[in-house]
Amino acid sequence: MAGAKGRGDVWSGHDPVSAPLSGSEQDETLALRPKFNADGLVAAITQDAETGEVLMLAWMNAEALTATLETRRATYWSRSRGELWVKGETSGHTQEVVEVRIDCDQDAVLLKVRQTGGACHTGRASCFYRIVPFDGSPLSKDPHMS
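Residues numbered from 1 in each chain as written. Predicted model: local features only at pLDDT ≥ 70, side-chain atom pairs only at ≥ 80, totals over all residues. Heavy atoms only, no water.

Draft legend 1. Structural context of the overall build of the protein. The secondary structure content of the protein amounts to two helices and eight strands. Listed N to C, the secondary structure of the protein is α-β-β-α-β-β-β-β-β-β in terms of helices and strands. Per-residue burial over the protein gives 35% buried out of 146 residues. Counting only contacts in the protein whose residues sit at least 6 apart along the sequence, the fraction spanning at least 24 positions is 42%. Accessible surface for the protein amounts to roughly 8,700 Å². Of this, 51% is attributable to carbon and sulfur atoms. (Helix = DSSP H or I, 4+ residues; strand = E, 2+ residues; numbered from the N terminus. Buried < 20%, exposed > 50% of the residue type's maximum accessible area, 1.4 Å probe, protein only. Contact = heavy atoms within 4.5 Å. Areas by Shrake-Rupley, 256 points an atom, 1.4 Å probe, with all protein chains shown as cover.)

Quick look at the structure:
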């Protein structure tokens, strides 16, 4: 599949991608019915499976979600490159997916992973290393993520 809007027909162990339901039906269904945005994407939050630390935010199209479910390797859609991206394929900083959750209306995915190396492209453990102060002063860096 070339574009982000593609929605694969076959999901290993899952029904084909179905259109989201409306209202509370979508909130309560046990069927996987991702609600992709206008660009064919859902937000993917990645969390360390052992510590609970949020590691990164990326995007998935149906093909990336399918690949993640089939391989247990975190696979995302790169908006800047316009292609699938398997985390760690070039850096060696891999993400072994141990659990996948989807939020109430199925427009966001949570991946619980075993991270090897830094999750951030800067080499840090997490992409969320800067602290935004409430008083408008400059950002600061978390000293534990240098």
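Draft legend 2. Just the pairing of strand β4 (residues 83-86), in detail. One ladder, built from four bridges, connects strand β3 (residues 75-78) with β4; its direction is antiparallel. Bridge assignment links Ser-78 to a residue of β4, and that residue is Glu-83. Connecting the antiparallel pair β3 and β4 is a turn made up of four residues, with Gly-82 showing a positive phi of about 65°. (Pairing = 2+ DSSP bridges.)

Draft legend 3. Structural context of the sheet that holds strand β2 (residues 54-60). Overall, mixed pairing links the four strands, which are arranged β2-β1-β6-β5 in an open sheet. A strand with exactly one partner marks an edge of an open sheet, and here the two such strands are β2 and β5 (95-102). Looking at each pair of strands side by side, their axes are set apart by 25° on average, direction ignored. Against the sheet, helix α2 (residues 62-71) touches β2, β5 and β6 (108-115), its axis set at about 125° to β2. (Axes fitted to C-alpha atoms, helices over the stretch in contact; angles between N-to-C directions.)

Draft legend 4. Broad picture of the state of the cysteines. Applying the stated criterion to the full structure yields zero disulfides. With no disulfide of its own, Cys-127 has Cys-120 as its nearest cysteine by sulfur position, at a separation of 3.6 Å. Classification of Cys-127 as partly exposed rests on a relative accessible area of 28%. (Disulfide = S-S within 2.5 Å.)

Draft legend 5. Region of interest: the environment of Gly-88. The residue Gly-88 is located in the loop between β4 and β5 in this model. In this structure Gly-88 comes out as buried when scored by relative accessible area, which is 11%. Sequence spacing of Gly-88 and Gln-115 is 27 residues, and the spatial spacing of their C-alpha atoms is 9.5 Å. Each residue touching Gly-88, except ones within four places of it in the same chain, is listed here: His-93 and Thr-94.

Draft legend 6. Just the pattern of salt bridges, in detail. Counted by the stated rule, this structure contains five salt bridges. Note that Glu-83 and Arg-81 form a salt bridge whose closest N and O atoms lie 3.3 Å from each other. Given the relative accessible area of 40%, Glu-83 is considered partly exposed. Between Glu-96 and Arg-114 there is a salt bridge; the shortest N-O distance is 3.1 Å. Pair noted here: Glu-96 is in strand β5 and Arg-114 is in strand β6, with a separation of 18 residues, a long-range link. Members of the salt-bridge network, linked through shared partners, are Glu-99, Arg-101 and Lys-112. (Salt bridge = Lys/Arg side-chain N within 4 Å of Asp/Glu carboxyl O.)

Draft legend 7. Layout of the nonpolar core. With 17 residues, the main nonpolar core has Met-60, Tyr-76 and Leu-111 as its most contacted residues. At the level of secondary structure, the elements contributing two or more residues to this core comprise β1 (42-48), β2, α2 and β6. Of all the elements, β2 adds the most residues to this core, at four residues. (Core = buried A, V, L, I, M, F, W, Y, C linked by side-chain atoms within 4.5 Å.)

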